[in-house]
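Structural description and commentary
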Amino acid sequence: MSRRWLFVLALLIALLSCPPQWYPMPIRLKLTEWFGAAGFRGLPPSVEAMATEPEVFCPPDPEGWRDRQLIEDVDIAASAPCVADNPYTVATFVRGSNNVSQATLLKSGLAADAVEKGRDLDGDGDPDEIHIRLEVAELNGGSAVVPGPVTRYEIAPGIRPGLWVFAPKFVGMAVENFESNRARRSLRLPSPAIRIEQGDTVRITLENTHYMPHTLHLHGADHGFVDVSGEGNDGVPITSEMPVMPGDSRSYELSPRHAGTMFYHCHVQPHVHVMMGLQGLFIVEENRPDNWLQTMNIGAGLVRVPSRSLRESFDREYDLHYLDLDKELSERIQLHNDPRLITRSMHRDYDITDSAPDYFTLNGRSFPYTFRESLLVGEDDERIRLRVVNGGAKGIALHTHGHKFTATHRDGVALPEDTLAPQDVIWLATSQRVDLALELKNDGLHSYGPGIWPFHDHQYNGITSDGIGPGGNISAIVYAQYMDEAGWPQTRGVSFDRYFTEAFYRKEIPVWESYAPGLFSDTGHDLLMLLRVLGLALAGGIMAALGVGALIRRSRGRKLNHNQGQS
């Protein structure tokens, strides 16, 4: 067949394949006049949604970690949500890893020098010399040995972004056991909230167990630019010190004079390292007698051993750490194992000015996992303190349903009494901290009464996970009478089954299928439209081939003419 006829055939196929609505109106009217109106075509049939088996909402608690316990003479409060911290780890953080029994230390999983507590310098009955050791861990990184990410940590069903975190110094493996790639329970996002007392002599040693340089910057906390030996103490490589190289360590020293809610993070390439998860709350408590603090709160959330100053004014305390994650950044540690390639990809190829967050977390999880461990559970008429940090790259508009809170402190500084007023939305810029007083007083202002009341970022991307909602940082204020024995809120709305499946967050399940089956189902294929698409693709392929052939012939002709001219 000649090229001319091939072109005519391709043009004819393209015209026949075009949907009628693509033709100009005069042509459509003329075709209707010649051939009559097109017959009715029904909608594509509905397709039955795929069968899925949801995860168990509440993992079992066979060791009773949720219960109130007395360990090493430490009164550890009960934790109502279904996932709780290891109480032996909590007790060790209070007493110090150098001051507990060998049995408690073994059950805690901590190293013997993880949190050492020394002398009582001011004679008020609690230790004032604190030595904390932090390591650096990678979660959901790539592996040359097994498929998929290791050490696995899910922020929501099937969602495993690559992360870096500061972690307490543990003994043993980073994973659960020899047969598992899952991270151990205490190795997680966010980096642990750290608590010290005003006036304590504190040393924090960063033992860099990672393959990249890191530092520790105590954001907002009172510390000297150099330590007593003259070494840099601010954690900023461009002004204070050289970064801590892999395998090395450095100690940071402080004796804070001012109490408040602060922040800590890595300051090496902070636009990348901080946003990978190397950040945590840093809290300086007011000095009180016999004030044995829970030095670390792994994963933030409920403070199971609150300070003396907290108990003077509040019934409970929660640490809330918000963080957004850019999938384009986090997946880079899953593509390579070579630190050189990862460094080039993250610190040269990645451009944060073009970034957009995909995942939004509260205390290291996204909905529905936030309902497992980050619920604010309280009783009628209780007063609860919330220490909140926005560790993300974007601001958040924190909103509570059914309640108005009062912001008492901002960035660790008390707000003037005459400016305090109840509100239900507060804006937090990146790295900003607020202390909120939440009163469960059913007076129509502070509280509307018992129930299950959501709280979340009121920017609508914050309540999604990679664009699918509900997701993100949604959690709830739950009154105790609405919690079941397993630690799950007795909701009265839609079933959570769909939300506890990987398929839902892979965008494979219609969002309303569980309670409107068939009405909003996925549709089957439109066969006629499929044929049209194939026809257009065939016509385009023929035309492209003819065009390439013409270019080749023209090039050969020029070359032949050039050779003939030389001869």
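Just so you know, these numbers come straight off a predicted model, no measurement behind them. (Residues numbered from 1 in each chain as written. Predicted model: local features only at pLDDT ≥ 70, side-chain atom pairs only at ≥ 80, totals over all residues. Heavy atoms only, no water.)

Observations regarding the domain arrangement of the protein chain
On domain assignment, one finds that the protein chain holds domain 1 (2–44 + 525–566) and domain 2 (69–313). Relative to domain 2, the C-alpha centre of domain 1 lies at a distance of 65 Å. (Domains from an automatic or database assignment.)

Regarding the pattern of salt bridges
Within this structure, the stated rule accounts for 34 salt bridges. Residues Glu 207 and Lys 169 are paired through a salt bridge, measuring 3.4 Å at the closest nitrogen-oxygen approach. With Glu 207 in strand E8 (residues 201–207) and Lys 169 in the loop between strand E6 (163–168) and strand E7 (193–197), this residue pair connects regions lying 38 residues apart in the sequence. We note that Glu 207, like Lys 169, is buried. Note that Arg 365 is salt-bridged to Glu 373, the shortest N-O span being 3.5 Å. (Salt bridge = Lys/Arg side-chain N within 4 Å of Asp/Glu carboxyl O. Helix = DSSP H or I, 4+ residues; strand = E, 2+ residues; numbered from the N terminus. Buried < 20%, exposed > 50% of the residue type's maximum accessible area, 1.4 Å probe, protein only.)

Quick notes on unusual backbone geometry
Note on backbone geometry: most residues besides glycine have negative phi, and most peptide bonds are trans. Of note, the bond from Val 150 into Thr 151 is cis; its omega dihedral lies within 30 degrees of zero at -20 degrees. Structurally, Thr 151 is set in the loop between strand E5 (129–139) and E6. Note that the residue after Gly 469, namely Pro 470, is joined by a cis bond; omega there is 0 degrees. Residue position: Pro 470 is located in the loop between strand E25 (452–457) and strand E26 (475–479). Positive phi is not limited to glycine here, since Gln 269 has a value of about 40 degrees.

Considering helix H3 (residues 87–95)
For H3, the buried fraction is high: eight of the nine residues fall into the buried class. Where H3 is buried, its residues contact strand E2 (69–71), strand E3 (74–76), helix H4 (102–108), strand E4 (115–117), E6 and strand E13 (296–297). Two to three positions downstream of the cap, the backbone nitrogen of Tyr 88 sits 2.9 Å from a side-chain oxygen, assigning the N-cap of H3 to Asn 86. (Contact = heavy atoms within 4.5 Å. Polar contact = N/O pair within 3.5 Å; in protein donor to acceptor, adjacent residues only side chain to side chain.)

Things to note about the pairing of strand E23 (residues 425–428)
Regular strands have side chains that alternate between both faces of the sheet. Only one face of E23 is covered, namely the face carrying Ile 426 and Leu 428; the face carrying Val 425 and Trp 427 is uncovered. As paired strands, strand E19 (residues 396–400) and E23 are joined by four bridges and run antiparallel to one another. Counterpart to His 399 in the pairing with E23 is Val 425. (Pairing = 2+ DSSP bridges.)

Remarks on the packing of aromatic side chains
For the structure shown, the criterion picks out 18 aromatic pairs. Relative to Phe 500, the ring of Phe 57 lies with its centre 4.5 Å away and its plane at 20 degrees, an arrangement referred to as stacked. Highlighted residues: Phe 57 in the loop between strand E1 (46–47) and E2 and Phe 500 in the loop between E26 and helix H10 (502–505), separated in sequence by 443 residues. Note on Phe 504 and Tyr 505: the rings are 5.0 Å apart at their centroids and 85 degrees apart in plane angle, and the pair reads as edge-to-face. As far as the burial class goes, Phe 504 and Tyr 505 line up, both buried. Chaining the aromatic ring pairs together yields one cluster made of Phe 57, Phe 367, Tyr 369, Phe 371, Trp 488, Phe 496, Tyr 499, Phe 500, Phe 504 and Tyr 505. Positioned over the ring face of Trp 292 is Arg 95, at 4.5 Å from the centre of the ring. (Phe/Tyr/Trp six-rings, centres within 6.5 Å; stacked < 30°, edge-to-face > 60°. Lys NZ or Arg CZ within 6 Å of the ring centre and 35° of its normal.)

Here we look at the state of the cysteines
Note on terminology: disulfide describes a covalent bond linking the sulfur atoms of two cysteines. Per the stated rule, a full pass over the model turns up one disulfide. A disulfide bridge connects Cys 58 with Cys 82, and the sulfur atoms are separated by 2.5 Å. With the S-S bond torsion at -90 degrees, the cross-link from Cys 58 to Cys 82 turns out left-handed. Of this pair, Cys 58 sits in the loop between E1 and E2 while Cys 82 sits in the loop between E3 and H3; the two residues are 24 residues apart in sequence, bridging distant segments of the chain. Residue class for Cys 58 comes out buried when judged on its relative accessible area of 13%. (Disulfide = S-S within 2.5 Å.)

Looking at the sheet that holds E19
Read across the sheet, five strands follow the order E17-E26-E25-E19-E23 without closing on themselves; strand pairing throughout is mixed. Each of the sheet's edge strands pairs with one partner strand only, and the pair in question is strand E17 (376–378) and E23. Across this sheet, the average inter-strand angle for adjacent strands is 15 degrees, counted without regard to direction. (Axes fitted to C-alpha atoms, helices over the stretch in contact; angles between N-to-C directions.)

Considering the side chain of Ser 374
Structurally, the position occupied by Ser 374 is in the loop between helix H9 (370–373) and E17. Judged by relative accessible area, Ser 374 falls into the buried class, the value being 2%. Not counting chain neighbours up to four residues away, the residues in contact with Ser 374 comprise Leu 362, Asn 363, Phe 455 and Ser 475.

A few points about the pairing of strand E15 (residues 316–325)
Of all 10 residues in E15, nine are buried; the element is thus mostly enclosed. Taken together, the two bridges between strand E14 (residues 301–302) and E15 define a ladder with antiparallel strand orientation. If you follow Leu 302 over to E15, its bridge partner there is Tyr 318. Pairing analysis gives seven bridges linking E15 to strand E18 (residues 383–390), with the strands arranged parallel. Looking across to E18, one finds that Arg 316 is bridged to Ile 384.

Brief notes about the sheet that holds E7
Read across the sheet, five strands follow the order E9-E11-E12-E7-E13 without closing on themselves; strand pairing throughout is mixed. Here the strands that pair on one side only, and so sit at the sheet edges, are strand E9 (217–219) and E13. Where strand E11 (residues 260–265) meets strand E12 (residues 279–285), six bridges bridge the pair, whose relative direction is antiparallel. Across the sheet, His 265 pairs through a bridge with Gln 279, a residue of E12.

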